[in-house]
Amino acid sequence: MKAGIVLFPGINRERDMAIALERAAGHAPRMIWHTETELAGLDLIVLPGGFSYGDYLRCGAMAAQAPVMGAVRAHAARGGYVLGVCNGFQILTEAGLLPGALLRNAGLRFISADCHLRVERADTMFAARYQRGAVFRAPMAHGDGNYFADAATLDRLEHEGLVGFRYATATGEVTPAANRNGSARSIAGIYSPNLRVLGLMPHPEDLVDPLLGGVDGAPLFEALAAA
Amino acid sequence: MKATVTVMLKPGVLDPQGKAIGQALAGLGFAGVGEVRMGKVIVLELAETDPARARTAAEEMARKLLANTVIEGFTVAVDGA
């Protein structure tokens, strides 16, 4: 699949994302500047991690208003695939492409540590190379990753099976201790109703090479490359 | 005309910064401080001279950008009329 990565001022994980995508697909993704408005021909648009616009006002609030976002919205409305990681997840919620919001971590501290993610469903394009219930390791690097939505929205997400990934222990138990940023119902990642937009707080793109300590994130990018 | 938009997290939304401020105040010996909530104040200089229209405009700005109404509420005060 043809992928593009959107670059907003202040984004800093776009090269990690490009490496992960190229490693799996064998060709480099297109880099898209935030002022571009023509995204035709792309199957997947990735909003990477970082600190777009310096996290001014709210994380992702400014990026959600950038010129490129009209094209991202149109792409999603056409049924195109969108992946938002970390700041990208925040941007997707600010843009209204996914419900809820990412609040300041419950413990107030920026968390830079690995977490374990439990795969809540594997019958999606993104998670197809994992097994349902599988646990994989992913680095976290965020100050505002505490997923929040009102109770009705959380119930709807659960009922419709749109919770993609939860923070868990290495053995797959969803516990308060494993939920280090305090996210509602330990939610680390959610899908849109058509399962084509995924927002995910941790960074699978940073664990795709044995030299970096593991390849836990590689199946996600292999699935994207094969789709 | 000046419009002041005050943005606060909705009741029930965890405010860890407010909590930390409350704990720091207790640490400084200030007794009798209950819950502390932290928000933002955004002051807008508007060309508009009609207070009602200025308020409507500021409210629209708050809904579209200044506040995230999933988690935040806002109030608008207009002065300089």
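Use the structure listed above.
Here the structure is a predicted model, which is why all the values come from computation and not from measurement. Residue numbering note: each chain is counted from 1, following its sequence as written. The lettering of chains begins at A and the numbering of ligands begins at 1, in the order of writing. The model is predicted, so local features are restricted to residues of pLDDT at least 70 and side-chain atom pairs to those at 80 or more, both for listing and for counting; the totals for chains, interfaces and linings are taken over all residues. Side-chain figures throughout are based on the complete set of non-hydrogen atoms in the structure, without hydrogens or water.

Concerning the overall build of chain B
No. 1: Regarding its fold elements, chain B presents two helices and three strands.
No. 2: Tracing chain B from N to C terminus, the helices and strands come up as β-α-β-α-β.
No. 3: For chain B, the spread of C-alpha atoms along the three principal axes comes to 45 × 25 × 15 Å.
No. 4: Burial here depends on accessible area, computed with a 1.4 Å probe over protein chains only, as a share of the maximum for the residue type. Under 20% is buried, over 50% is exposed, and the range in between is partly exposed. Buried residues in chain B amount to 30% of all 81 residues.
No. 5: Looking at chain B alone, contacts between residues at least 24 apart form 72% of all its contacts between residues at least 6 apart.
No. 6: Throughout, the Shrake-Rupley method with a 1.4 Å probe supplies accessible areas, and for residues the shown protein chains are the sole cover considered. Approximately 4900 Å² of chain B is accessible, and the part contributed by carbon and sulfur atoms is 59%.
No. 7: Counting rule applied: Lys, Arg positive; Asp, Glu negative; His and chain ends not counted. Every charge is mapped to an atom, namely NZ of Lys, CZ of Arg, CG of Asp or CD of Glu. Looking at charge distribution, chain B has the averaged site of its 9 positive side-chain charges lying 5 Å from that of its 9 negative ones. Each helix is a run of DSSP H or I of at least 4 residues and each strand a run of E of at least 2, with the numbering of both proceeding from the N terminus. We call two residues in contact when some of their heavy atoms are within 4.5 Å.

Topic: the layout of surface pockets
A water-sized probe, rolled over the atoms, reveals where empty space remains.
No. 1: Both site types are read off a 1 Å grid over the protein atoms alone. A 1.4 Å probe that fits but cannot get out defines a cavity, while an open set with protein on both sides within 12 Å along at least five of seven lines defines a pocket; lining residues have an atom within 4 Å of a point. Grid points are joined across faces, edges and corners, and a volume is the space filled by probe spheres set on the points. The calculated volume of the largest pocket comes to roughly 440 Å³.
No. 2: Taken together, 25 residues line the largest pocket, and the ones lying closest to its centre are Arg58 and Asp144 of chain A together with Gln17, Lys40 and Glu72 of chain B.
No. 3: Elements supplying a minimum of two residues to the lining of the largest pocket: α3 (87–94) and β5 (101–103) of chain A together with β1 (2–9), α1 (16–27) and β2 (39–45) of chain B.
No. 4: Charged residues are taken to be Asp, Glu, Lys and Arg, nonpolar residues to be Ala, Val, Leu, Ile, Met, Phe, Trp, Tyr, Cys and Pro, and polar residues to be all remaining types, Gly included. Class assignment for the residues of the lining of the largest pocket results in twelve nonpolar, five polar and eight charged.

Examining the sheet that holds strand β4 (residues 81–85) of chain A
Residue and element names in this part refer to chain A.
No. 1: A sheet is described by the order of its strands in space; here nine strands give the open sequence β2-β1-β3-β4-β11-β10-β9-β6-β7, paired in mixed fashion. Lying at the two open borders of the sheet, with one neighbouring strand each, are β2 (30–33) and β7 (135–142). The mean angle between the axes of side-by-side strands here comes to 25°, regardless of whether they run parallel or antiparallel.
No. 2: Strand pairing is defined by DSSP finding a minimum of two bridges between the two strands. Across three bridges, the pairing between strand β9 (residues 163–168) and strand β10 (residues 187–191) is antiparallel. Its bridge partner being in β10, arginine 166 is matched across the sheet by isoleucine 187. The angle between two axes is taken between their N-to-C directions and runs from 0 to 180 degrees, where each axis is a line fitted to C-alpha atoms and a helix contributes only its stretch in contact.

Geometry only, nothing functional implied.
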